[in-house]
Amino acid sequence: MSWQKRTRFLSPSDAEAQRSQRPSGLAERHNIQAFDLFCAYHLGITEDGAYKFQNIHQVAKRFGVNAAVIKQLLADLELDPDTVIHSGFDMAGAQVDVMLAPEGINRVELARGLYAEFLAAPRRARNWSKELEEAARDNERIFGRR
């Protein structure tokens, strides 16, 4: 979904309250906010508001901690890859929205709406067998039988 089409807005604080995230002592100790970590790690938003893919080590350096702290914070704040994958949130679409944001669009402000959507997104168990079967059918339809 492009940045232009997003109309529903729920403030990050309202969405966070809906999910009732428990606070992380580690985040408090290192003064790292969940929203800032979401922006850097998942959306690639740099300190100056630009876009650049950042791996866990680059994000850790940015926050002045090591990669193990970031990995633990992702889990504590329910921002880890497993939580994202089992979320109804379209992370790939959000990443593209941030990456391709036109000149004059503030990526951090764009991310506020994305973060609220992520927090409000339902968590669901994925049916990997079904997804693999659908992908195999799509591949066969597109590329033919091997």
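The structure we're discussing is the one just above.
To start, this report covers the structure provided alongside it. What you see is a predicted model; the values in this text were computed from it and never measured.

## Comments concerning the packing of aromatic side chains
For step 1, the next point in the chain: Applying the stated rule across the entire model yields five aromatic pairs.
For step 2, the next point in the chain: With 5.4 Å between their ring centres and 65° between their planes, Phe 35 and Tyr 115 make a pair best called edge-to-face. Of this pair, Phe 35 sits in helix H3 (residues 34-42) while Tyr 115 sits in helix H8 (residues 107-120), placing them 80 residues apart in sequence.
For step 3, the next point in the chain: Between Phe 89 and Phe 118, the ring centres sit 5.6 Å apart and the planes meet at 80°, which makes this aromatic pair edge-to-face. Taken together, the positions of Phe 89 in the loop between helix H6 (81-85) and helix H7 (91-99) and Phe 118 in helix H8 put the pair 29 residues apart, joining distant regions of the chain. Of the two residues examined, Phe 89 and Phe 118, each falls in the buried class.
For step 4, the next point in the chain: The aromatic ring of Phe 118 is capped on one face by Arg 123, whose charged end is 4.8 Å from the ring centroid.

## Remarks on the packing of H3 against helix H5 (residues 67-76)
Two packed helices can be described by the angle between their axes and the distance between those axes.
For step 1, the next point in the chain: Two elements in contact, H3 and H5, have axes whose closest approach is 11 Å; the angle formed by their N-to-C orientations is 115°. In the crossing of H3 with H5, the sense of the turn from one axis to the other is left-handed. Residues Leu 37, Tyr 41 and His 42 of H3 pack against Ile 70, Leu 73 and Leu 74 of H5.
For step 2, the next point in the chain: Looking at the contact of H3 with H5 residue by residue, the class counts come to five nonpolar, one polar and no charged.

## Concerning a nonpolar patch on the surface
For step 1, the next point in the chain: Taken together, the side chains of Val 96, Met 99 and Leu 100 define a hydrophobic patch exposed on the protein surface, amounting to about 270 Å² of accessible area.
For step 2, the next point in the chain: With respect to the helices and strands, Met 99 occurs in helix H7.

## Considering H5
Residues spaced three or four apart along an α-helix point in a common direction, a consequence of the helix completing one turn every 3.6 residues.
For step 1, the next point in the chain: Of the residues making up H5, those classed as buried are Ala 67, Val 69, Ile 70, Leu 73, Leu 74 and Asp 76.
For step 2, the next point in the chain: On its buried face, H5 sits against helix H2 (25-30), H3 and helix H4 (56-63).
For step 3, the next point in the chain: Two or three places before Ala 68, at the opening of H5, Asn 66 has a side-chain oxygen 3.0 Å from that residue's backbone nitrogen.

## A closer look at the nonpolar core
For step 1, the next point in the chain: If you look at the biggest cluster of nonpolar residues, it comprises 34 residues, and the most contacted ones within it are Leu 37, Phe 38, Leu 43, Ile 70 and Leu 79.
For step 2, the next point in the chain: Of all the secondary structure elements, the ones that give two or more residues to this core are H2, H3, H4, H5, H7 and H8.
For step 3, the next point in the chain: With near-sequence residues (within four places) excluded, Leu 37 lies in contact with Ile 32, His 42, Val 59, Phe 63, Ile 70, Leu 73, Leu 74, Leu 77 and Leu 79.

Cut-offs used in this document
Residues numbered from 1 in each chain as written. Predicted model: local features only at pLDDT ≥ 70, side-chain atom pairs only at ≥ 80, totals over all residues. Heavy atoms only, no water. Phe/Tyr/Trp six-rings, centres within 6.5 Å; stacked < 30°, edge-to-face > 60°. Helix = DSSP H or I, 4+ residues; strand = E, 2+ residues; numbered from the N terminus. Buried < 20%, exposed > 50% of the residue type's maximum accessible area, 1.4 Å probe, protein only. Lys NZ or Arg CZ within 6 Å of the ring centre and 35° of its normal. Axes fitted to C-alpha atoms, helices over the stretch in contact; angles between N-to-C directions. Left-handed = near helix turned anticlockwise from the far one by under 90°. Contact = heavy atoms within 4.5 Å. Nonpolar A, V, L, I, M, F, W, Y, C, P; charged D, E, K, R; others polar. Patch = residues over 30% accessible without salt bridge, like charges linked within 9 Å, V, L, I, M, F, W, Y side chains within 5 Å. Areas by Shrake-Rupley, 256 points an atom, 1.4 Å probe, with all protein chains shown as cover. Salt bridge = Lys/Arg side-chain N within 4 Å of Asp/Glu carboxyl O. Polar contact = N/O pair within 3.5 Å; in protein donor to acceptor, adjacent residues only side chain to side chain. Core = buried A, V, L, I, M, F, W, Y, C linked by side-chain atoms within 4.5 Å.

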